[in-house]
Amino acid sequence: MKLKHKIDKIKPHFEKGGKFEKLQSVFDGFYTFLFTPNETAKSGTHIHDANDSKRTMITVVIALLPCALFGMWNIGYQQALATGDPDHALLRLFFNGFFAVLPQIVTAYVVGLGIEFIVAQIRGHEIQEGFLVSGILIPMICPVSTPCWMLAVAVAFAVIFAKEAFGGTGYNFLNIALVTRAFLFFAYPSKMSGDSVFVQTGGQPTVDGFSGATPLGQLASTSTPGSTELFGVNGDILTHSDIFWGLMPGSWGETSTFCIILGAVILLATGIASWKIITSGVVGALCISFIAYHFANPLYPVSFIPPFEQLALGGFAFAIVFMATDPVTACRTEIGKYIYGFLIGAIAMIIRCYNTGYPEGAMLAVLLMNCFAPLIDWCVVNSNIKRRLKRLANVKQ
C-alpha cells in the first residue's frame, strides 16, 4: 500500500532518537488505527490467536450499528409523528436523525480521544482503542436534546476521573459510558430527568422541540392505578409490536429490542460478550418482574407491567448486552459471571418497579455491580481454593 509505505518512511523520526520522539505515542496511535500491526511478541507470554483490542472494539462498534442506524431513523420518525408530518420517506427521516445526533457523536469523540491522546503523550504510553466504543455508546444512551457543552463536561469527567486516574484502558473499574450518563443525571437533573425525550422540528422557527414522557416515565407518573397503556408522542397507544421494534421515544440507541438482539448475536458469535452474563441478567430481571407483577401495588404503577414486556422497555436490554458484558468492568470468573449478571437484572427491576422518581434502574444496577465485581471474583476464587485444599487434605488422609 502506497500510504503505508510513505508512513513507514517517516516512522523512524517518531521512534527513540528521532527528532519527533516526544510525539511517538501520538504517531503510534494514528498508525495502529490505520493499519493492523503485523509484529508479534518477541518474548514472554502473548495471545496465541489473531485477536487484539482493536479487533475487539471494532466488532463491538459493528454490533452497535443496527441500534445506531435505527435510532437515527427513529428520531426522524418521532419528529414526524410529533409534528403531524405525513412525509415518512426513509432517507428523509434517517438524515433528520443523523444530523441531530452527529454533533453529540463528534463532541464525545473529540473530547474523549483528545484527553486520551494528551494523557498518553504525557505518560509516554501507547494510545489504546477503548474509547472507540465509549465514544459511540455515550450519545446513544443520552437524550438527543443533551447540549453538546454538557456532554463535553460529562465525558471529560468520566475519562479523567473514572479511567485515566486509574491507569487508562483496562484499569477502569466502572463503565465509562455509564459514568458519563450518571454524571449528567446527577449534575444536571433539570435537563436530564431520565424520562424526557426531545424531537427536533427543524424548519419551524417558532418550535424548538417536543418534550414528553417516555413509556416508563408515563407509567411512573400515571394517575390510573393498574393501567399499563403507553402512548407515543402523537397520543396513539403503543402496541407490543411498537415496543419490540422500538417505535417509541427514549434515548435514541436503546429503544429497539430487535436491533439489540442483532447486536447480541454478533457479540456472542464472535466471543466478545459472555452469554452467562446476558442469560443470568435476563433471568434475574424476570424473577423480580414476576414477583412484582404477582404482588402489583397501585403505589408502584410500573409493577403492573407484564414481566416479558419489562425486558423491552427502557434501557435494560441495551445495558445487559452492551454495558454489563464489558470485559474490563465485569466479573472474570465463570461462576462470578452468573452472580454478576443475575444481580444486575434483579437490581435493575427493583429500582424500576419500586422507585417512582426514577423508573429506569439499568444504569445504576450496572454501575453498582461494577463496584462489586472484584469482590464477587475474590469470593469465588477463595471458595475454589478452600474446596481444593479440603480435597487435598482428604487425599493425604
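About the thresholds
Going along each chain's sequence as written, the residues are numbered from 1 onward. The predicted origin of the model limits local features to residues at a pLDDT of at least 70 and limits the giving and counting of side-chain atom pairs to 80 or more, whereas totals for whole chains, interfaces and linings rest on all residues. Side-chain metrics rest on all non-hydrogen atoms present in the structure, leaving aside hydrogens and water. Numbering of helices and strands runs from the N terminus, with a helix taken as a DSSP run of H or I at least four residues long and a strand as a DSSP run of E at least two residues long. When accessible area is computed with a 1.4 Å probe and restricted to protein chains, residues below 20% of their type maximum are described as buried, those above 50% as exposed, and intermediate ones as partly exposed. Any two residues whose heavy atoms approach within 4.5 Å are treated as being in contact. Accessible areas in this description were obtained via Shrake-Rupley with a 1.4 Å probe; residue shielding takes into account the shown protein chains only. The term salt bridge refers to a side-chain nitrogen of Lys or Arg lying within 4 Å of a carboxyl oxygen of Asp or Glu. For this analysis, a nonpolar core means a set of buried residues of the types Ala, Val, Leu, Ile, Met, Phe, Trp, Tyr and Cys, connected via side-chain atoms within 4.5 Å. Between the first and last residue of a helix there are one fewer steps than residues, each counted as 1.5 Å, and that sum is the expected span. As used in this structure description, the phrase polar contact means that two N or O atoms lie within 3.5 Å; if the pair is within protein, one of them must be able to donate a hydrogen and the other to accept it, and residues adjacent in sequence are counted only when both atoms belong to side chains.

K.L.:
Got a minute to help me understand the overall build of the protein in this structure?
P.N.:
From N to C terminus, the protein includes 15 helices and two strands. Counting all 397 residues of the protein, 49% fall into the buried class. Long-range pairs, those at least 24 residues apart, make up 68% of the contacts in the protein with a sequence separation of at least 6. Just so you have it, the protein exposes about 19800 Å², and 66% of that area is on carbon and sulfur atoms.

K.L.:
Whenever I open this one, the pattern of salt bridges confuses me. Can you help?
P.N.:
It is possible for side chains of opposite charge to pair when their charged atoms get near one another. Enumeration according to the criterion identifies five salt bridges in this entry. Notably, a salt bridge pairs Arg92 with Asp85, separated by 2.8 Å at the nearest N-O pair. On the basis of relative accessible area, Arg92 is assigned to the partly exposed category, the value being 33%. A salt bridge links Arg92 to Asp87, with the nearest nitrogen and oxygen atoms 3.5 Å apart. One continuous salt-bridge network, built from bridges that share partners, spans Asp85, Asp87 and Arg92.

K.L.:
Could you clarify how one ought to interpret the nonpolar core in this entry?
P.N.:
Proteins that are soluble and globular tend to have nonpolar side chains buried together. Judged by nonpolar contacts, the single largest core of 92 residues is most densely connected at Leu64, Trp252, Phe318, Phe322, Met323 and Tyr340. With 13 residues, the single largest contributor to this core is helix α3 (residues 53-83). Sequence-distant contacts of Phe322, defined by excluding residues within four places in its chain, comprise Ala63, Leu64, Cys67, Leu137, Ile260, Gly263 and Leu267. Leu219, Leu230, Met248 and Ala292 belong to the second largest nonpolar core, which has twelve residues in total.

K.L.:
What is the right way to look at helix α7 (residues 176-187) in this model?
P.N.:
Along an α-helix, residues three or four apart share an orientation, since each turn contains 3.6 residues. Between the first and last C-alpha of α7 there are 16 Å, a value that for twelve residues agrees with the 16 Å anticipated at 1.5 Å per step. In terms of burial, α7 is a largely internal element, ten of the twelve residues being buried. Here α7 has its buried residues at Ile176, Ala177, Leu178, Val179, Thr180, Arg181, Ala182, Phe183, Leu184 and Phe185.

K.L.:
It is not clear to me how the side chain of Asn172 should be interpreted in this structure. Could you clarify?
P.N.:
Within the secondary structure, Asn172 is located in the loop between α6 (148-162) and α7. The exposure class assigned to Asn172 is buried, which follows from its relative accessible area of 6%. A distance of 3.0 Å separates the side chain of Asn172 from the backbone oxygen of Leu174, its partner in a polar contact. Asn172 has contacts with Ala162, Lys163, Val328 and Thr329, leaving out every residue within four places of it along the chain.

Structural measurements only, silent on function.
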